[in-house]
Amino acid sequence: MDAPELIRKKRDGFDLTRGEIFSFIEGFTRGEIPDYQASALLMAIFFRGMDRRETADLTEAMLRSGRVLDFSALPQAKVDKHSTGGVGDKTSLIIAPAAAAAGVLVPMISGRGLGHTGGTLDKLEAIPGFSPRLSFQDFHRVLGKCGLAFGAATEEFAPADRKIYALRDVTATVESIPLITASIMSKKLAEGIDGLVLDVKTGTGAFMQKVENARALASSLVSTGIAHGKRVHALITDMTQPLGNAVGNALEVIESVETLKGRGPRDLSDLCRELTAHMLLLGRVTDSLDDARSKYDSVIAGGRAFERFSNVVAEQGGNPRSLEDYSLLPQARHEDAVVAPKDGFISGLEARAMGVASMILGAGRERSDAIIDPAVGLVFEKKIGDEVQAGERVCVVYSNDSSRLAQALDMIRGAITISAEPVSPPPLVLERVLDTQDQ
Ligand code: URA
């Protein structure tokens, strides 16, 4: 392959062929194309973009760089959900068992948190004994037995993405729709799924802060999934404030369990209901969104979603008693309150700053090799739209390391805004981007 010619072609705005894209990905993954040429091509893609065919080919080339799971021995539809990341986003812990209890299989492979956003694996690992490190045989067995399994994204899946992402991170080429699409979809398609629901977040705590960028990403993700023969829906959802009340790993486990028991906060429960309903549609459990929502309500009310979660936790080495007795989960030593400085209505709980505050306390990672503290975090007692009196608690801060507390408290105080006038809570689901067969 003539790498300079390929870079020149994209630099000048021409489309790359499928063969060129595959040669580039294969050559780079094998170490035959140096980083400086790969960086130049990534920057050319950043500026010139890629059309849908090129994006689908790039996704496939990256997918084929590693292992693709095969669950065809299990008859039910395999459907997963992916979120582009946010603060307090613990939906995976709720919707995977709910969707499984309602009849689809959920082979969920997740990552860890970085920066202000949390990661599903970190939350699950707050459960004493829980391990996402399963062999393929064990993953298959747990999936067959419980209807869901939680695995870790390892080097085996789309290794090309790992190498390319590391380069994008240091060459200012992360924010490119085709590159993000290929990165996300290559890893998700490696799970051997039939359908995928994408939760594309927008707002200050999201990767795509502006709704028009979230829409463009959602549309690119959906069309790439369809090009690979999958059924894909995307929901564009709010991330201007944390989702639910809890931010921090063990705290989010408790809130997830409460939601599975039908006692979760309104926004989190509503979003889980919508995401699960779309998973059931894609898995052809039903063909109506209203019926799918009723199925979610029934697996929650009947305790079957919680039972699935408890079963999967036990199968993966976790202590299911900790889902009943929360004192068995990691506990923080200190509790401090952030109170409202004046009367009014909460008009902002800036999500990114809340995520950073939680990371400062130790719930998240500034660098990918940092060690996290599963016990610490925040619990909001007020959300946008709620009325407050001066001195009333807005947020409770759970900490273990007093040297980090003052900085986190300052950050939280600066991220709360109060208006004298009543405020409406932001809409939770802003838009839906559906597979055209389902429109
Ligand atoms: N998440 C990913 O997995 N990849 C990207 O490129 C961006 C967000």
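In what follows, the accompanying structure is described. Please read all numbers here as calculations on a predicted model, not as lab measurements. (Residues numbered from 1 in each chain as written. Predicted model: local features only at pLDDT ≥ 70, side-chain atom pairs only at ≥ 80, totals over all residues. Heavy atoms only, no water.)

## Examining the overall build of the protein chain
Turning to step 1, where the next piece is worked out: Scanning the protein chain from N- to C-terminus turns up 16 helices and 13 strands.
Turning to step 2, where the next piece is worked out: The C-alpha atoms of the protein chain give a radius of gyration of 22 Å, which matches the 22 Å a tight globule of 439 residues would have.
Turning to step 3, where the next piece is worked out: With the principal axes as the frame, the protein chain shows a C-alpha extent of 65 × 45 × 40 Å.
Turning to step 4, where the next piece is worked out: Taken across its 439 residues, the protein chain has 56% of its residues classed as buried.
Turning to step 5, where the next piece is worked out: Pairs at least 24 apart in sequence give 79% of the contacts found in the protein chain among residues at least 6 apart. (Helix = DSSP H or I, 4+ residues; strand = E, 2+ residues; numbered from the N terminus. Rg over C-alpha atoms; globule rule 2.2 N^0.38 Å. Buried < 20%, exposed > 50% of the residue type's maximum accessible area, 1.4 Å probe, protein only. Contact = heavy atoms within 4.5 Å.)

## Overview of empty space enclosed by the protein
Turning to step 1, where the next piece is worked out: One pass over the structure, following the stated rule, counts three cavities of 30 Å³ or more.
Turning to step 2, where the next piece is worked out: Its volume calculated, the largest cavity comes out at about 140 Å³.
Turning to step 3, where the next piece is worked out: Along the walls of the largest cavity sit 20 residues, with T117, G118, S358, A363 and G364 positioned nearest its centre.
Turning to step 4, where the next piece is worked out: The set of elements that each furnish at least two residues to the lining of the largest cavity consists of α6 (120-124), α11 (249-260) and α15 (351-361).
Turning to step 5, where the next piece is worked out: Of all the elements, α15 adds the most residues to the lining of the largest cavity, at three residues.
Turning to step 6, where the next piece is worked out: Residue classes in the lining of the largest cavity are distributed as four nonpolar, twelve polar and four charged.
Turning to step 7, where the next piece is worked out: Three or more residues apiece are contributed to the lining of the largest cavity by two domains, here domain 2 (79-324 + 429-438) and domain 3 (330-419).
Turning to step 8, where the next piece is worked out: Here the second largest cavity defines a volume of roughly 70 Å³.
Turning to step 9, where the next piece is worked out: As for the second largest cavity, its lining consists of F24, I25, L42, I45, L58, M62, D161, I164, R168, L179, A182 and S183.
Turning to step 10, where the next piece is worked out: Broken down by secondary-structure element, the contributors of at least two residues to the lining of the second largest cavity are α2 (18-29), α3 (35-48), α4 (52-63), α8 (159-170) and α9 (177-189).
Turning to step 11, where the next piece is worked out: Classifying every residue of the lining of the second largest cavity gives nine nonpolar, one polar and two charged. (1 Å grid on protein atoms, 1.4 Å probe; cavity = no way out; pocket = protein on both sides within 12 Å on 5 of 7 lines; lining within 4 Å. Points joined across faces, edges and corners; volume = space filled by probe spheres on them. Nonpolar A, V, L, I, M, F, W, Y, C, P; charged D, E, K, R; others polar. Domains from an automatic or database assignment.)

## Topic: unusual backbone geometry
Turning to step 1, where the next piece is worked out: The phi dihedral of A172 falls on the positive side, at around 55°, and the residue is not glycine.
Turning to step 2, where the next piece is worked out: Within the secondary structure layout, A172 lies in the loop between α8 and α9.
Turning to step 3, where the next piece is worked out: Phi at R284 takes a positive value of approximately 55°, unusual for a residue other than glycine.
Turning to step 4, where the next piece is worked out: In this fold, R284 is placed in the loop between α12 (266-282) and α13 (289-301).
Turning to step 5, where the next piece is worked out: On the basis of relative accessibility, which here comes to 58%, the residue R284 falls in the exposed class.

## A short note on the pairing of strand β5 (residues 231-238)
Each regular strand carries side chains that alternate between the two faces of the sheet.
Turning to step 1, where the next piece is worked out: Counting buried residues in β5 gives eight out of eight residues, a clear majority hidden from the surface.
Turning to step 2, where the next piece is worked out: As judged from the eight bridges shared by strand β4 (residues 195-202) and β5, these two strands associate in the parallel manner. For L196, the partnering residue across the bridge sits in β5 and is V232.
Turning to step 3, where the next piece is worked out: Viewed along the sheet, the connection from β4 through helix α10 (residues 211-227) into β5 turns out right-handed.
Turning to step 4, where the next piece is worked out: Where β5 lies against strand β13 (residues 429-434), five bridges are found, and the strand directions are antiparallel. Counted as the bridge partner of H233 is L434 from β13. (Pairing = 2+ DSSP bridges. Right-handed = clockwise from strand over helix to strand, strands pointing away.)

## What about the sheet that holds strand β10 (residues 387-388)?
Turning to step 1, where the next piece is worked out: The strand order across the open sheet built from three strands is β10-β8-β12, with neighbouring strands paired in antiparallel fashion. Only two strands of the sheet have a single partner each, and these edge strands are β10 and β12 (416-419).
Turning to step 2, where the next piece is worked out: Examined bridge by bridge, strand β8 (residues 344-349) and β10 share two bridges and lie antiparallel to one another. Residue F345 lies in a different strand from β10, and its bridge partner there is E387.
Turning to step 3, where the next piece is worked out: Its contacts with the sheet place helix α16 (residues 402-415) against β8 and β12, and it is angled at close to 30° to β12. (Axes fitted to C-alpha atoms, helices over the stretch in contact; angles between N-to-C directions.)

## Some remarks on the nonpolar core
Turning to step 1, where the next piece is worked out: Counting residues in hydrophobic clusters, the biggest one holds 107 residues, and the most contacted among them are I127, F150, F309, L378, V397, I412 and I416.
Turning to step 2, where the next piece is worked out: In terms of domain composition, this core takes at least three residues from each of domain 2 (79-324 + 429-438) and domain 3 (330-419).
Turning to step 3, where the next piece is worked out: Sequence-distant contacts of L378, that is, excluding residues within four places in its chain, are made with N245, A246, V247, L251, M354, S358, L361, C395, V396, V397 and I412. (Core = buried A, V, L, I, M, F, W, Y, C linked by side-chain atoms within 4.5 Å.)

## What about the packing of helix α1 (residues 3-11) against α3?
Turning to step 1, where the next piece is worked out: Where α1 contacts α3, the axes come no closer than 8 Å and their chain directions differ by 15°. When the interaxial angle is binned, α1 and α3 end up roughly parallel. For the crossing formed where α1 meets α3, the hand is left-handed. Across the interface between the two elements, A3, P4, L6, I7, K10 and R11 of α1 pack against Q37, A40, L41, A44, I45 and R48 of α3. (Parallel < 35°, antiparallel > 145°, perpendicular 65-115°, else oblique. Left-handed = near helix turned anticlockwise from the far one by under 90°.)

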